[in-house]
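Coordinate analysis (summary)
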Amino acid sequence: MNATLNRVRAAGFTLVELLVVIGLLSILAVVLLPSISGATQQGDRVETLARMQRLQQAAEGFARLQNRGYYPPDNFTDPTNPDIKVKGSVEETNSGIESAMIFLHQRAEGLQVFDDKEDWLANTDGDSNIADIPLLQRRAKVEVVDAWGTPLAYFTNQSYGRTQKIKLANDAANDAAKVNVIDVTAWKNPNSNGYLAPRGFQIISAGPDMKFNTEDDLSIPER
């Protein structure tokens with residue numbers, strides 16, 4: 001009888017211990033999950049800024065070559081080299097970043113930009129150029145995407161008043177609202193009536209909320 005009672009007590013004590021451990025783990029999960037989520041989001045922001053800064057350096061290098069004085073076009077039109085075969089229009093989805101990528105990856109530019117960063121590239125709208133993009137060796141009009149999968153918006157100063165349409169790489173993120181294509185405009189300077197970088201260009205990431213022109217956007221130049 002005593003042996004049986006002891007076994008029951010031992011089993012009961014083990015069960016209590018197990019419940020205590022589960023309770024402690026639950027408390028730890030509640031405490032630590034926000035920190036883990038925050039660290040992940042910060043890592044995504046750092047990764048996105050690295051991609052944007054590489055695009056910035058490439059655009060500035062493009063302007064310096066042969067003393068052009070202008071940045072990679074965002075409208076598929078090179079004002080000085082009509083021989084570059086580019087298919088596109090400013091009304092297209094992802095037009096700004098696609099145009100920039102085509103002009104940055106011409107062999108004549110001598111720029112090695114994103115040809116070694118395949119995981120940074122996507123073709124969210126599935127369109128293609130009329131000829132291979134030389135350094136990328138493909139016709140697909142690729143975009144540089146941020147860490148959340150949304151193509152970056154790229155504006156030159158001549159296009160600041162124009163709205164671009166960006167197609168999300170991950171439509172499931174907005175299934176509830178059935179939003180596949182979102183609008184973006186260049187950021188205005190809060191301290192003046194003009195735009196940021198009035199003689200330069202802007203690069204914008206929609207950030208983790210995948211909505212442009214909201215507070216969590218990342219931008220070059222910084223707002």
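Residues numbered from 1 in each chain as written. Predicted model: local features only at pLDDT ≥ 70, side-chain atom pairs only at ≥ 80, totals over all residues. Heavy atoms only, no water.

Observations regarding the overall build of the chain
The condition is simple: The secondary structure listing takes helices from DSSP runs of H or I that are at least 4 residues long and strands from runs of E that are at least 2 residues long, numbered from the N terminus. Note on contacts: a residue pair qualifies if any of its non-hydrogen atoms lie within 4.5 Å across the two residues. Per-residue and other accessible areas follow the Shrake-Rupley method at a 1.4 Å probe size, with only the shown protein chains counted as cover for residues.
A count of helices and strands for the chain gives 2 helices and 9 strands. Counting from the amino terminus, the chain carries its helices and strands in the arrangement α-α-β-β-β-β-β-β-β-β-β. At a minimum sequence separation of 6, the contacts of the chain that also span at least 24 residues come to 57%. For the chain, the exposed area adds up to about 12400 Å²; of that, 54% sits on carbon and sulfur atoms.

Observations concerning the layout of surface pockets
Selection rule: Cavities and pockets were defined on a 1 Å grid built over protein atoms only: a cavity is a set of grid points that admits a 1.4 Å probe from which the probe cannot escape, a pocket is an open set flanked by protein on both sides within 12 Å along at least five of seven lines, and lining residues are those with an atom within 4 Å of any such point. Grid points are joined across faces, edges and corners, and a volume is the space filled by probe spheres set on the points. For this scheme, ten residues count as nonpolar: Ala, Val, Leu, Ile, Met, Phe, Trp, Tyr, Cys and Pro. Four count as charged, namely Asp, Glu, Lys and Arg, and the remainder, Gly too, count as polar.
Of the voids in this model, the largest pocket is the one considered here, and its volume is about 160 Å³. The class makeup of the residues in the lining of the largest pocket is 4 nonpolar, 6 polar and 2 charged.

Let's talk about the pairing of strand β8 (residues 201-205)
To keep it simple, the criterion reads: We call a residue buried when its accessible area falls under 20% of the maximum for its residue type, exposed when it is over 50%, and partly exposed in between, using a 1.4 Å probe and counting protein chains only. One requirement defines pairing of two strands: DSSP has to find at least two bridges between them.
The element β8 is extensively covered by neighbouring structure, given that 5 of its 5 residues are classed as buried. Burial of β8 is two-sided: the residues Phe201, Ile203 and Ser205 facing one way and the residues Gln202 and Ile204 facing the other way are all buried. Across 4 bridges, strand β5 (residues 153-156) lies against β8 in antiparallel orientation. Directly across from Thr156, in β8, lies its bridge partner Phe201. Pairing of β8 with strand β9 (residues 218-220), which is carried by 3 bridges, proceeds in the antiparallel orientation. Bridge pairing links Ser205 to Leu218 in β9.

Topic: the pattern of salt bridges
The condition that has to hold: For this analysis, a salt bridge means a side-chain nitrogen from Lys or Arg found within 4 Å of a carboxyl oxygen belonging to Asp or Glu.
One pass over the structure, following the stated rule, counts 8 salt bridges. Two residues, Arg162 and Asp74, come together in a salt bridge whose shortest N-O distance is 3.6 Å. Taken together, the residues span a long stretch of sequence, with Arg162 in the loop between β5 and β6 (164-167) and Asp74 in the loop between α1 (2-64) and α2 (95-104) at a distance of 88 residues. Several salt bridges converge on common partners, so that one network encompasses Glu92, Asp127 and Lys141.

Describing the nonpolar core
The following threshold applies: Residues belong to a common nonpolar core when they are buried Ala, Val, Leu, Ile, Met, Phe, Trp, Tyr or Cys residues joined through side-chain atoms within 4.5 Å.
Counting residues in each nonpolar core, the largest one holds 43 residues, and the members touching the most others are Met101, Phe114, Ile203 and Phe212. Here Met101 is in contact with Phe114, Leu121, Ile133, Leu136, Val142 and Val144, once residues within four sequence places are set aside.

Concerning the sheet that holds β9
The following threshold applies: Helix axes use the C-alpha atoms of the stretch in contact, all axes being lines fitted to C-alpha atoms, and the angles between their N-to-C directions lie in the range 0 to 180 degrees.
Taken in spatial order, the 3 strands line up as β5-β8-β9 in an open sheet, and their pairing is antiparallel. Edge positions in the sheet fall to β5 and β9, since each has one partner strand and no second. Adjacent strand axes in the sheet meet at a mean angle of 15° when their direction is disregarded.

A short note on unusual backbone geometry
Note the cis peptide between Ile220 and Pro221, where omega equals 0°. The topology assignment puts Pro221 in the segment after β9. With a phi angle near 65°, Phe76 is a residue other than glycine that sits in the positive phi range. Positionally, Phe76 belongs in the loop between α1 and α2.

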